[in-house]
Amino acid sequence: RSSAASDVYKRQQENGQNFSEKEVVFKKGDDLLSILKRNFEVEEDNGFITSLEGHSQDEKNQLYWMFTVDGKSATTGAKEIKLNDGQSVIFNLSKL
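All figures in this text were calculated on a predicted structure; none of them were measured in a lab.

Considering only enclosed or pocket space, the largest pocket measures out at about 280 Å³ in volume. Lining the largest pocket we find 17 residues, and of these Phe48, Trp65, Met66, Phe67 and Thr76 sit closest to its centre. Elements with a minimum of two residues in the lining of the largest pocket: strand E4 (48-52) and strand E6 (63-69). Considering each element in turn, the lining of the largest pocket owes the most residues, five residues, to E6. A per-class count over the lining of the largest pocket returns nine nonpolar, seven polar and one charged.

Dropping the structure here:
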């Protein structure tokens with residue numbers, strides 16, 4: 001691994017139940033959306049995740065992909081988030 005590589009831990013959940021956990025390597029300065037696209041099956045709309053690993057949002061039932069970085073709720077789309085080495089990202093498909 002090069003000195004420019006970093007690790008981040010990602011977990012995906014649906015209604016609080018884990019369906020995927022993975023530690024991935026990325027380059028410093030990469031945004032979360034790019035990292036996701038390289039490591040997972042992802043669909044997005046303007047930087048906001050609409051489907052992860054085949055689990056899609058359901059607007060009718062108000063189920064949306066939300067995520068936290070180091071336990072703090074994200075306030076922007078994944079495209080705007082730059083990650084640092086060792087951070088933990090948890091995605092949860094849940095009701096708003």
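So, about the environment of Asp30. Here Asp30 is to be found in the loop between strand E2 (17-27) and helix H1 (32-39). Note on Asp30: relative accessible area 17%, which makes it buried. Residues Asp30 and Leu83, spaced 53 residues apart in sequence, show a C-alpha to C-alpha distance of 6.9 Å. Other than its neighbours up to four places away in sequence, Asp30 contacts Ile35, Arg38, Ile81, Lys82 and Leu83. Here the side chain of Asp30 touches Arg38 through a polar contact of 2.6 Å, side chain to side chain.

A word on the nonpolar core. Counting residues in hydrophobic clusters, the biggest one holds 20 residues, and the most contacted among them are Leu32, Leu36, Ile49, Leu52, Phe67, Leu83 and Phe91. Looking at this core, the elements that each hand over two or more residues are E2, H1, E4, E6 and strand E8 (87-95). With near-sequence residues (within four places) excluded, Ile49 lies in contact with Leu33, Leu36, Val42, Glu43, Glu44, Gln57, Trp65, Ala78 and Phe91.

Right, let's get into the sheet that holds strand E3 (residues 42-45). With antiparallel pairing, three strands are arranged side by side in an open sheet as E3-E4-E5. Bordering the open sheet on either side are E3 and strand E5 (55-56), each of which pairs with just one other strand. One ladder, built from two bridges, connects E4 with E5; its direction is antiparallel. Its bridge partner being in E5, Ser51 is matched across the sheet by Ser56. Most of the contacts of H1 go to E3, to which it runs at about 150°, and overall it touches E3 and E4.

Across the chain, the average pLDDT comes to 83, with 82% of residues at 70 or higher. Of all helices and strands in the chain, the one with the weakest mean pLDDT is strand E1 (residues 5-14) (62), whereas strand E7 (residues 72-73) scores best (94).

Next up on the list: the packing of aromatic side chains. To describe a pair of aromatic rings, you give the distance between the ring centres and the angle between the ring planes. If you walk through the whole model with that rule in mind, you get two aromatic pairs. Taking the centre distance of 6.3 Å and the plane angle of 75° together, the rings of Trp65 and Phe91 count as edge-to-face. Taken together, the residues span a long stretch of sequence, with Trp65 in strand E6 and Phe91 in strand E8 at a distance of 26 residues. For the pair formed by Trp65 and Phe91, the shared burial category is buried.

How each quantity is defined
Residues numbered from 1 in each chain as written. Predicted model: local features only at pLDDT ≥ 70, side-chain atom pairs only at ≥ 80, totals over all residues. Heavy atoms only, no water. 1 Å grid on protein atoms, 1.4 Å probe; cavity = no way out; pocket = protein on both sides within 12 Å on 5 of 7 lines; lining within 4 Å. Points joined across faces, edges and corners; volume = space filled by probe spheres on them. Helix = DSSP H or I, 4+ residues; strand = E, 2+ residues; numbered from the N terminus. Nonpolar A, V, L, I, M, F, W, Y, C, P; charged D, E, K, R; others polar. Buried < 20%, exposed > 50% of the residue type's maximum accessible area, 1.4 Å probe, protein only. Contact = heavy atoms within 4.5 Å. Polar contact = N/O pair within 3.5 Å; in protein donor to acceptor, adjacent residues only side chain to side chain. Core = buried A, V, L, I, M, F, W, Y, C linked by side-chain atoms within 4.5 Å. Pairing = 2+ DSSP bridges. Axes fitted to C-alpha atoms, helices over the stretch in contact; angles between N-to-C directions. pLDDT = per-residue confidence, 0-100. Phe/Tyr/Trp six-rings, centres within 6.5 Å; stacked < 30°, edge-to-face > 60°.

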